[in-house]
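As a plain string of letters, each chain reads:
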Amino acid sequence: MFLTSDQNRLPMGPALGGPGAALWGIVEMWSGADVLILQFAATKRALTRVAMVELSSGAVTLEKLTSDGHIVRGAAVLSARPQHECAQWVLEPLSEIHLGATRKYDDEHPLVSFVRYTTIEGREFSMPIAIAEKHSRGKLIYGTKPVHSAKTARPLAAGNVAGST
C-alpha cells in the first residue's frame, strides 16, 4: 500500500498523463509487504516506465499490462520492510515471470492459477491468482534467458513481450 498527500502533488500531472493523472513528488510505502518493481513500455521503441506495486497484487498489474500489449523489460522484487534497517532490505532482480499456469493447490481447490517469479539466482516463488476451471501452461511474459533457434547458433530475443509464450 502506498500513501500520497496533496502537499506532494506536482502540478504537471494531467498535462503529461492525461485527464485523471497525477504526479507525486513523494509516495510513501505504508505496508511491510514486498514490492514488485516493473520496467515496461508500450512498444519496443517507446520510453520505459517503472511501476511499483505490492507483490500480492502483481498478477493483476501483469494481466493488465499483458492485455494492453505492453512489453515488460525488467523486473525485481524489493523486500523493504519499514520496521527494519535499510541494510536489511533486499532487491532481487527477476529473470522470469510466468503468468497463469495452473496446478493443484489443496483438497478444496483442485486447480488454481499462479504467477511464478524466478530470481536471477534461480530461486522460484509463486502466488495464487484465482481458482481455475481448466489446466493451463500459462504465459511467459518476461524472461532474460536467451532463446536459441534450431536454424542459427545465435540467440534470439528473449520472450519478454507481454502475452508471448
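Numbers given for residues are sequential positions, taken from 1 along each chain in its written order. With the structure being a predicted model, the display of local features is reserved for residues of pLDDT at least 70 and the display and counting of side-chain atom pairs for 80 or more, all residues being used for whole-chain, interface and lining totals. As a rule here, side-chain values cover all heavy atoms of the structure and leave hydrogens and water aside.

## Describing the pairing of strand β11 (residues 139–143)
Each residue is placed in one exposure class: buried if its accessible area under a 1.4 Å probe, protein chains only, is under 20% of its type's maximum, exposed if it is over 50%, and partly exposed if it falls in between. Numbering of helices and strands starts at the N terminus; helices are DSSP runs of H or I of at least 4 residues and strands are runs of E of at least 2. Extensive coverage of β11 is indicated by the burial of four of its five residues. Summarising the sheet, strand β8 (residues 90–103) and β11 pair through four bridges and their orientation is antiparallel. Across the sheet, the residue bridging to Ile97 is Tyr142, located in β11. One bridge is not enough; two strands pair if DSSP finds at least two bridges between them.

## Some points on the packing of aromatic side chains
Pairs were defined over the aromatic rings of Phe, Tyr and Trp, the Trp ring being its six-membered one, requiring ring centres within 6.5 Å. Orientation was assigned from the angle between planes: stacked under 30 degrees, edge-to-face over 60, tilted for the rest. Under the criterion given, the structure shown has two aromatic pairs. The interplanar angle of 45° and the centroid separation of 6.0 Å between the aromatic rings of Tyr105 and Phe114 together place this pair among those described as tilted. Two limits define a charge over a ring: the Lys NZ or Arg CZ must be within 6 Å of the ring centre, and within 35 degrees of the ring normal. The ring of Phe114 carries Arg103 above its face, with NZ or CZ at 3.9 Å from the centroid.

## Examining helix α2 (residues 58–67)
Within an α-helix, residues lying three or four positions from one another point in the same direction, as the helix has 3.6 residues per turn. Burial in α2 covers these residues: Gly58, Ala59, Leu62, Leu65 and Thr66. All buried residues of α2 fall inside an arc of 125° around its axis, so they share one side. For α2, the exposed residues set more than 90 degrees away from the buried face come down to Val60 and Ser67. Trailing α2 by a residue or two, Gly69 shows a phi angle of about 80°, which is positive. What the arc describes is the spread of directions from the helix axis to the C-beta atoms.

## Details of the confidence of the model for the protein chain
Values of pLDDT, ranging from 0 to 100, describe the predictor's confidence in every residue of the model. Overall, the prediction assigns the protein chain a mean pLDDT of 80, with 79% of residues at 70 or greater. Looking across the protein chain, the model is least confident in strand β13 (residues 155–156), with a mean pLDDT of 40, and most confident in strand β9 (residues 112–119), with 94. Throughout, a residue-residue contact means that at least one pair of heavy atoms, one from each residue, lies within 4.5 Å. This stretch, residues 147–165, has a pLDDT under 50; its non-local contacts, to residues over four places away or in other chains, come to 43 contacts.

## Brief notes about the nonpolar core
General note: in soluble globular proteins, nonpolar side chains tend to be found buried as a group. Judged by nonpolar contacts, the single largest core of 19 residues is most densely connected at Leu36, Leu38, Leu62, Leu94, Ile97, Val115 and Tyr117. Elements with a contribution of two residues or more to this core: β5 (35–41), α2, β7 (71–79), β8, β9 and β11. Excluding residues within four positions of it along the chain, Leu94 makes contact with Leu36, Ala75, Ala76, Val77, Tyr117, Thr118, Thr119, Ile120, Tyr142 and Thr144. What makes a nonpolar core is a set of buried Ala, Val, Leu, Ile, Met, Phe, Trp, Tyr and Cys residues whose side-chain atoms join them at distances within 4.5 Å.

## Some details on the pattern of salt bridges
By definition here, a salt bridge exists when the distance from a side-chain nitrogen of Lys or Arg to a carboxyl oxygen of Asp or Glu is within 4 Å. Counting across every chain of the model gives four salt bridges. The residue Glu92 makes a salt bridge to Arg123 at a minimum N-O spacing of 2.7 Å. With Glu92 in strand β8 and Arg123 in the loop between β9 and β10 (124–131), this residue pair connects regions lying 31 residues apart in the sequence. As a salt-bridge pair, Asp107 and Lys104 come within 3.6 Å of each other at their nearest N and O atoms. Look at Asp107 and you get exposed, because its relative accessible area is 73%.

## Topic: the side chain of Glu92
A residue is classified by how much of its surface remains accessible, and Glu92, at 15% relative accessible area, is buried. A polar contact is formed between the side chain of Glu92 and the side chain of Arg123, at a distance of 2.7 Å. When sequence neighbours within four positions are dropped, the list of residues in contact with Glu92 reads Ala76, Val77, Thr119 and Arg123. Nitrogen and oxygen atoms within 3.5 Å of one another constitute a polar contact, given that in protein one can donate a hydrogen and the other can accept it, and given that sequence-neighbouring residues count only through two side-chain atoms.

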